[in-house]
Amino acid sequence: MELRIGVIGIGAMGRDHVDRINNRVNGASVTAISDINREEGLKYGAEIGAEFISNAEDLIASDEIDGVVITSWDPTHEEYVLEAIKNNKYVFCEKPLSVDSAGCMNIVNAEVEKGERLVQVGFMRRFDRGYEDIKKELDKGQLGEPLLLHCTHRNAEVDSKYDTPMAVENTAVHEVDALRWLLQEDFVQAEVILPKKQTTNTHANLHDPQFMLLQTESGVCIDLEVFVNCKFGYDINCKVVCENGEIGLTNPTYYSIKTENKDYKRVPSDWKERFIEAYDKEFQLWVDGIKQESITGPSAWDGYMASVTTTALSLARDTGEKTTINFEEMPSLYKQEQFV
Ligand code: ISE
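Residues numbered from 1 in each chain as written. Predicted model: local features only at pLDDT ≥ 70, side-chain atom pairs only at ≥ 80, totals over all residues. Heavy atoms only, no water.

J.: Outline the pairing of strand β7 (residues 146-154), supporting the account with residue identities and numerical values.
T.: Along a regular strand, successive side chains alternate from one face of the sheet to the other. Two elements, β7 and strand β11 (residues 235-242), share eight bridges in a ladder whose sense is antiparallel. Following the sheet pairing, histidine 153 is matched in β11 by isoleucine 236. (Pairing = 2+ DSSP bridges. Helix = DSSP H or I, 4+ residues; strand = E, 2+ residues; numbered from the N terminus.)

Written as structure tokens, this is what we have:
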């Protein structure tokens, strides 16, 4: 049976997910969409053969929808996810699950009250072949205990709406989730250094680059450079220094060009290119999970833990001090698949 998916929010990310659900993921297609821009929604709906439902709550409640994808404006995520849970609908929500930790906790509580997982959060890095392979190697144990991680998250450039807090909330949040999953540990301390020397390619509301430090429960130290106007491409690096060796990501490239005494390799232009396979895999897992009535991808609890960590990073940046990360106890609903 082909699942009927409704997508709320048809900006760039929403359309990207519509394309993958309709063309690359098996077993589902987008049959309805909703967006605050009625004219765009009607036009796009006609283009992809999906019904346009102007009210997102009506889309969520519809008997003709088996799963909901939320790619709308961040402040609307919490309300739509809660609505989906109320209507017993499986829901895939792009990060952030909510704009704050209290909002994420509302979702955790609603799911716990239902007694089953309905929510998957869009942390796609866990599905990237590079991170998966690093995790497998670390789990084998031959490299010994991880001690330090050196990471970079570089975007070629950002627009003038991207400001200083977004470096944590929109960008570093990916490392926050992926590294917690990789190390199978929670973070306990955060610090942010705003280097005095900034790139001239930034603007008044954005401090760029930023340097972030996290420490896990067992004492693993992570440094993360977030540099969102690096100019040369989308460059994601993660090196794990262990007792008996080092393991790191390479940018997936499928060819190199040799010319004029140089050897060129492509650097991806953005996250949609760099993580295309990871996005496809996360959606296939979600669709298969709906069919099997068992959602196993990143959970509402993972969304909450990412939020408490980014909140601490933001506070650390604003105060210039090391900040302790505090979190609630994990409900048993999430225990069996913790860090899978
Ligand atoms: C963007 O929102 C994303 O989610 C990308 O993965 C990230 O690399 C980028 O920095 C964010 O702005």
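There is more to say, and it comes next.
J.: Go over helix α6 (residues 129-140), please, and point to the residues and values.
T.: The terminal C-alpha atoms of α6, which comprises 12 residues, lie 17 Å apart, in line with the 16 Å expected from a rise of 1.5 Å per residue. Taken as a whole, α6 has its buried residues at Tyr131, Ile134, Lys135 and Leu138. Taken down its axis, α6 places every buried residue within 100 degrees of arc, on the same side. Facing away from the buried side of α6, by more than 90 degrees, are the exposed residues Arg129, Lys136 and Lys140. (Expected span 1.5 Å × (residues − 1). Buried < 20%, exposed > 50% of the residue type's maximum accessible area, 1.4 Å probe, protein only. Arc of directions from axis to C-beta.)

J.: Provide a residue-level description of the sheet that holds strand β3 (residues 51-52), including the pertinent values.
T.: In any sheet, the strands associate via hydrogen bonds between backbone groups, in a parallel or an antiparallel arrangement. The strand order across the open sheet formed by six strands is β3-β2-β1-β4-β5-β6, and the pairing between neighbours is parallel. Of all the strands in the sheet, the pair left with one neighbour each is β3 and β6 (119-122). For strand β2 (residues 28-34) and β3, the ladder comprises two bridges, and the chain directions are parallel. Note that in β3 the partner of alanine 32 across the bridge is glutamate 51. Those strands touched by helix α1 (residues 12-23) are β1 (3-8), β2, β4 (67-70) and β5 (90-94), and its axis lies near 150 degrees from that of β2. (Contact = heavy atoms within 4.5 Å. Axes fitted to C-alpha atoms, helices over the stretch in contact; angles between N-to-C directions.)

J.: Quick rundown of the pattern of salt bridges? Include the residues and the values.
T.: As enumerated under the stated definition, the model contains 25 salt bridges in all. For aspartate 280, the salt bridge is made with arginine 24, and the minimal N-O distance between the two is 2.7 Å. Of this pair, aspartate 280 sits in helix α9 (residues 276-291) while arginine 24 sits in the loop between α1 and β2, and the two are 256 residues apart along the sequence. Among the residues examined, aspartate 280 registers a relative accessible area of 16% and is labelled buried. Overlapping salt bridges bring together Asp16, Asp19, Arg20, Arg24 and Asp280 as one network. (Salt bridge = Lys/Arg side-chain N within 4 Å of Asp/Glu carboxyl O.)

J.: Give me the lowdown on unusual backbone geometry, citing residues and values where you can.
T.: With omega at -5 degrees, the peptide bond leading from lysine 95 into proline 96 counts as cis. Position of proline 96 relative to the elements: it lies in the loop between β5 and α5 (101-114). In this structure, proline 209 follows aspartate 208 across a cis peptide bond, with omega equal to 0 degrees. Its location among the elements puts proline 209 in the loop between β8 (187-193) and β9 (210-216). Backbone geometry places lysine 231, a non-glycine residue, at a positive phi of 80 degrees. What makes lysine 231 partly exposed here is its relative accessible area of 43%. Despite not being glycine, asparagine 261 has its phi angle at roughly 60 degrees, a positive value. With respect to the element layout, asparagine 261 can be found in the loop between β13 (256-259) and β14 (262-265). Using a relative accessible area of 86% as the deciding quantity, one classes asparagine 261 as exposed.

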